[in-house]
Amino acid sequence: MKLEAVIFDLDGVVTDTAHLHFIAWRDVAQEIGITIDPVFNEQLKGISRMASLQRILQHGGKAAHFSQAECEALCARKNNRYVATLSSLTPASILPGITDLLHDLRARGIRIGLASVSLNAPIILNALGITPLFDYCADASRIKHSKPDPEIFLLACRGLGVTAQHAIGIEDAQAGIQAINACGMAAVGIGDDLTGAGLLLPSTRELNWHRLDAYWQRLHSASAPAKE
Ligand code: G6P
Ligand code: MG
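Residues numbered from 1 in each chain as written. Chains lettered and ligands numbered in written order. Predicted model: local features only at pLDDT ≥ 70, side-chain atom pairs only at ≥ 80, totals over all residues. Heavy atoms only, no water.

What follows covers the domain arrangement of the chain. Once the domains are mapped, the chain shows domain 1 (5–16 + 91–223) and domain 2 (18–88). Using only C-alpha atoms to locate each centre, domain 1 and domain 2 end up separated by 25 Å. With twelve residues of domain 1 at the contact, the number on the domain 2 side is 14 residues. Taken together, both faces of the contact between domain 1 and domain 2 bury some 1000 Å²; the carbon and sulfur share is 50%. On the domain 1 side of the interface with domain 2, the three residues burying the most area are Asp16, Asn120 and Ser146, jointly 37% of the side's total. Where domain 1 touches domain 2, the interface holds one salt bridge. (Domains from an automatic or database assignment. Contact = heavy atoms within 4.5 Å. Buried area = accessible area lost by both parts, 1.4 Å probe. Salt bridge = Lys/Arg side-chain N within 4 Å of Asp/Glu carboxyl O.)

Taken as a whole and assessed by the stated rule, the structure comprises nine salt bridges. Between glutamate 42 and lysine 45 there is a salt bridge, with the nearest N and O atoms lying 3.1 Å from each other. Take glutamate 42: its relative accessible area is 45%, and that puts it in the partly exposed class. Residue aspartate 172 pairs with lysine 45 through a salt bridge whose shortest N-O separation is 3.9 Å. Of this pair, aspartate 172 sits in the loop between β4 (167–171) and α8 (174–182) while lysine 45 sits in the loop between α2 (38–41) and α3 (49–59), placing them 127 residues apart in sequence. Residue class for aspartate 172 comes out buried when judged on its relative accessible area of 10%. Ionic contacts of the salt-bridge type, sharing partners, join the residues Arg26, Asp27, Glu31, Arg77 and Arg81 into one network. (Buried < 20%, exposed > 50% of the residue type's maximum accessible area, 1.4 Å probe, protein only. Helix = DSSP H or I, 4+ residues; strand = E, 2+ residues; numbered from the N terminus.)

Written out as structure tokens, the structure is:
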């Protein structure tokens with residue numbers, strides 16, 4: 001079976017904005033008397049803004065303390081802080097190995113998609129200067145469910161005109177790996193604490209076309225019917 005598309009998560013795969021999300025949430029949480037640390041922050045990866053706030057409130061035992069309007073105001077406050085830090089992003093903020101991989105995929109005619117639930121994804125890709133390298137970016141405002149729901153990856157597959165079975169998804173979050181597996185794509189994990197990825201690499205430094213290709217061949221030769 002031919003590999004037709006590779007679909008990337010953004011935060012933690014293409015660039016490292018996870019710590020910027022963390023700093024913005026940590027400060028907003030602090031203002032309402034909740035302390036979060038980097039270990040807790042792992043749970044927020046791949047989760048939408050409002051779902052992240054709900055987890056933070058739950059963590060602080062304050063889930064029922066805020067009205068819908070107050071929650072929206074807290075999300076807006078977090079987003080203003082976060083967006084202010086995005087001006088620090090430049091093409092130098094692209095994680096190692098990603099630019100070469102994008103060019104290699106393009107040279108081989110493999111379609112490239114983005115599946116991020118971040119509403120700020122277009123601003124980020126622009127700041128990194130790589131918007132034209134993506135054939136399709138799934139619009140996070142069109143989905144109802146964050147990862148681990150497969151919705152954003154399925155939307156990316158549709159936009160690229162491929163079926164999930166012909167695509168690889170690349171993720172740094174556990175919720176993202178679950179989303180990839182839930183739609184039947186092949187999953188590549190970036191990090192060392194992820195389960196369920198068919199190929200797990202410690203960082204994007206190890207991510208390249210040859211490894212993806214070898215993974216795809218391994219997957220499909222294993223499931224190929226035995227020759228007579
Ligand atoms: C990504 C990040 C999450 C973040 C979400 C929404 O998935 O991993 O941590 O909450 O995007 O981002 P946004 O920029 O829309 O607040
Ligand atoms: Mg991520």
